[in-house]
Amino acid sequence: MRETTSRLLSLLSLLQTKPEWTGTDLAQRLDVTTRTIRNDIERLRELGYPVDAARGRSGHYRLGVGAKLPPLLLDDTEAVAVAVGLRSATGIAGMEDSSARALTKLEQVLPNHLRRQVNAIDSSMSSGPDNTDSNVVEPMIAPEVLTALAAAIRDRHQVRFSYDTPPDAATPRTDGRPDGWPIVVDPYRLVSWQRFWYLVARDEDRDWHTYRVDWIDLRLPTARGFTPEPMPDDTYTDFVLRDVASTGWKFHARITVHASAQEVLSRIHAAVGIVESIDENSCVLVTGADTLETVAVYIGMLGLDFSVAEPTALVEQLRIVGERYLRAIG
């Protein structure tokens, strides 16, 4: 019985490694006859594993889709990778508890040598908070919202939602409509950047917009499909960065940089700031962030001389940062 159980586990592991197996290939891998493979497949089915079979010249076995998730058999490196990934899963509301439960289940069945590897990795590494570039509170995204939006993108279904922005948002919204006004859009892509999730979509006027997912309140599904007209060259991420750089930040600034536009562009991502050339030795960088502190730090990281005349609050923030650095070497 122990030999049969071991062979069933080995068979289940093989079925999970690739979509299709012929009976002959499985028999060779397990060093048994094809008849034994057929009998073992029936045993797996009796245990609740949906194994599909195709007959004929191209006959094969495939692990099918069941009503519930079957136990997964992972090799050593896969088990370690999943455990480490679960330990570091953060940033989406509700995911922390789910990750902890999944990790507990996994660690209960990890062999001792793998548990030691996972603990060694966990004890020897650390990570800073995701929000390292500003003092803005992390937005929390409900996983069911991301799931619903991702499913609509996959199935090419329109989505309906209201879009409510906080009072201190840089711009209430990018489509010019008042808060709470229902929106129906064709969803194309979810983009994660700088602690935020964005939905790239086309509105009823066929204009492209970005929507902060944490400001989206989903309504009843429309169940209406749409014919996709995607962006050329799959440029969704750059579109989000450009849109956020020009309208999405809470604070914006125009900074005169004493270097050529080409030099500035070589030091930043072209999408997170708009560079306007003045002459061969100077240009204007239009950029922003959710705090003035962040803007002040980013400017210094350019490694180039610059001048700032406005906004006045940014000038004051630069003075504070400058005095802080001077005190550090005084």
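An account of the accompanying structure is given in this report.

Cut-offs used in this document
- Residue positions are given per chain, counting from 1 as you read along its sequence in written order.
- Under the rules for a predicted model, residues below a pLDDT of 70 receive no local features and side-chain atom pairs below 80 are neither given nor counted, while totals for whole chains, interfaces and linings still include all residues.
- Note: side-chain values were computed over all heavy atoms of the structure, leaving out hydrogens and water.
- Strand pairing is defined by DSSP finding a minimum of two bridges between the two strands.
- Labels follow the DSSP assignment, with helices taken as runs of H or I lasting at least four residues and strands as runs of E lasting at least two, numbered in each case from the N terminus.
- Centres within 6.5 Å make a pair out of two Phe, Tyr or Trp rings, where for Trp the six-membered ring is used; the pair is then stacked when the planes are under 30 degrees apart, edge-to-face when over 60, and tilted otherwise.
- When a residue's accessible area, from a 1.4 Å probe over protein chains only, is under 20% of the maximum for its type it is buried; when over 50% it is exposed; and in between it is partly exposed.
- Placement of a positive charge over a ring is assigned whenever Lys NZ or Arg CZ falls within 6 Å of the ring centre and within 35 degrees of the normal to the ring plane.
- Patch membership is restricted to residues that have no salt bridge and whose relative accessible area is over 30%. Joining uses 9 Å for like charges and 5 Å for the nonpolar side chains Val, Leu, Ile, Met, Phe, Trp and Tyr.
- Residue-level accessible areas treat just the shown protein chains as cover; the underlying method is Shrake-Rupley with a 1.4 Å probe.
- Here, a salt bridge means any Lys or Arg side-chain nitrogen found within 4 Å of an Asp or Glu carboxyl oxygen.
- Lines fitted to C-alpha atoms define the axes, with helix axes restricted to the stretch in contact, and inter-axis angles between N-to-C directions lie between 0 and 180 degrees.
- What makes a crossing left-handed is the near helix being turned counterclockwise from the far one by less than a right angle; a clockwise turn instead makes it right-handed.
- Contacts are assigned to residue pairs that have any heavy atoms within 4.5 Å of one another.
- Just so you know the grouping, Ala, Val, Leu, Ile, Met, Phe, Trp, Tyr, Cys and Pro go in nonpolar, Asp, Glu, Lys and Arg go in charged, and all remaining residues, Gly too, go in polar.
- One less than the residue count of a helix, multiplied by 1.5 Å, gives the span that helix is expected to have.
- By construction, the arc corresponds to the directions joining the helix axis to the C-beta atoms.

1. Considerations on the sheet that holds strand 9 (residues 274-279)
Across the sheet, four strands lie side by side as 9-10-8-11; this open sheet has antiparallel pairing. At either end of the open sheet lies a strand with only one pairing partner, and these are strand 9 and strand 11 (306-307). Note: strand 8 (residues 251-257) against strand 10 (residues 282-289), seven bridges, orientation antiparallel. Within strand 10, the position partnered with Arg 254 by the bridge is Val 286.

2. Some points on the packing of aromatic side chains
Taken as a whole and judged by the stated rule, the model has eight aromatic pairs. Taking 5.5 Å as the distance between ring centres and 55 degrees as the angle between the ring planes, the aromatic pair formed by Tyr 188 and Phe 226 counts as tilted. Of the two residues, Tyr 188 is situated in strand 4 (residues 183-193) and Phe 226 in the loop between strand 7 (216-218) and helix 8 (236-248); the sequence distance between them amounts to 38 residues. You'll find Tyr 188 and Phe 226 in the same group, each marked buried. In textbook terms, an aromatic cluster arises when at least three aromatic residues are bridged by ring pairs, as seen for Phe 161, Tyr 163, Tyr 211 and Trp 215. Over the ring of Trp 21 we find Lys 18; its NZ or CZ atom is 4.1 Å from the centre of that ring.

3. Some points on a nonpolar patch on the surface
Among the surface-exposed residues, Val 297, Tyr 298 and Met 301 lie close enough to one another that they form a single nonpolar patch of about 300 Å² accessible area. Take Val 297: it is sitting in helix 10 (residues 292-301). The exposure class assigned to Val 297 is partly exposed, which follows from its relative accessible area of 40%.

4. Remarks on unusual backbone geometry
It is generally the case that most residues other than glycine have a negative phi and that most peptide bonds are trans. The phi angle at Arg 156 is positive, at roughly 60 degrees, despite the residue not being glycine. Residue position: Arg 156 is located in the loop between helix 7 (143-155) and strand 3 (159-163).

5. Details of the packing of helix 10 against helix 11 (residues 312-329)
Following both chains from N to C, one finds helix 10 and helix 11 inclined at 65 degrees, their axes separated by 9 Å at the closest point. The handedness of the crossing between helix 10 and helix 11 is right-handed. Between helix 10, through Leu 292, Glu 293, Val 295, Ala 296 and Ile 299, and helix 11, the contact on the second element is made entirely by Ala 313, Leu 314, Gln 317, Leu 318 and Val 321. When grouped by side-chain class, the residues that make up the contact of helix 10 with helix 11 number eight nonpolar, one polar and one charged.

6. Considering helix 11
Look at helix 11: 27 Å from first C-alpha to last across 18 residues, which is about the 26 Å you get at 1.5 Å a residue. Among the residues making up helix 11, those that are buried are Leu 314, Gln 317 and Val 321. What you see down the axis of helix 11 is that its buried residues fit within an arc of 60 degrees, all on one side. Turned more than 90 degrees off the buried face of helix 11, the exposed positions are Thr 312, Leu 326 and Arg 327.

7. Some thoughts on the environment of Met 231
Position of Met 231 among the secondary structure elements: in the loop between strand 7 and helix 8. Classification of Met 231 by relative accessible area gives buried; the value is 9%. Between the C-alpha atoms of Met 231 and Tyr 188, which are 43 residues apart in sequence, the distance is 8.9 Å. Beyond its immediate stretch of four places on either side in the chain, Met 231 contacts Val 200, Trp 208, Tyr 236 and Phe 239.

8. Details of helix 2 (residues 23-30)
The set of residues buried in helix 2 consists of Gly 23, Leu 26, Ala 27 and Leu 30. Burial along helix 2 is one-sided: seen end-on, the buried residues are contained in an arc of 100 degrees. Residues of helix 2 that are exposed and point over 90 degrees away from its buried face: Gln 28 and Arg 29. Backbone geometry just downstream of helix 2 places Asp 31 in the positive-phi region, at approximately 60 degrees.

9. Focus: the sheet that holds strand 7
Paired through backbone hydrogen bonds, the strands of a sheet run either parallel or antiparallel to each other. Within the open sheet, the five strands sit side by side as 6-5-4-3-7. Their pairing is antiparallel. Looking at the sheet topology across the chains shown, the edges are occupied by strand 6 (208-212) and strand 7. Put simply, the sheet's adjacent strands are angled 45 degrees from each other on average, direction ignored.

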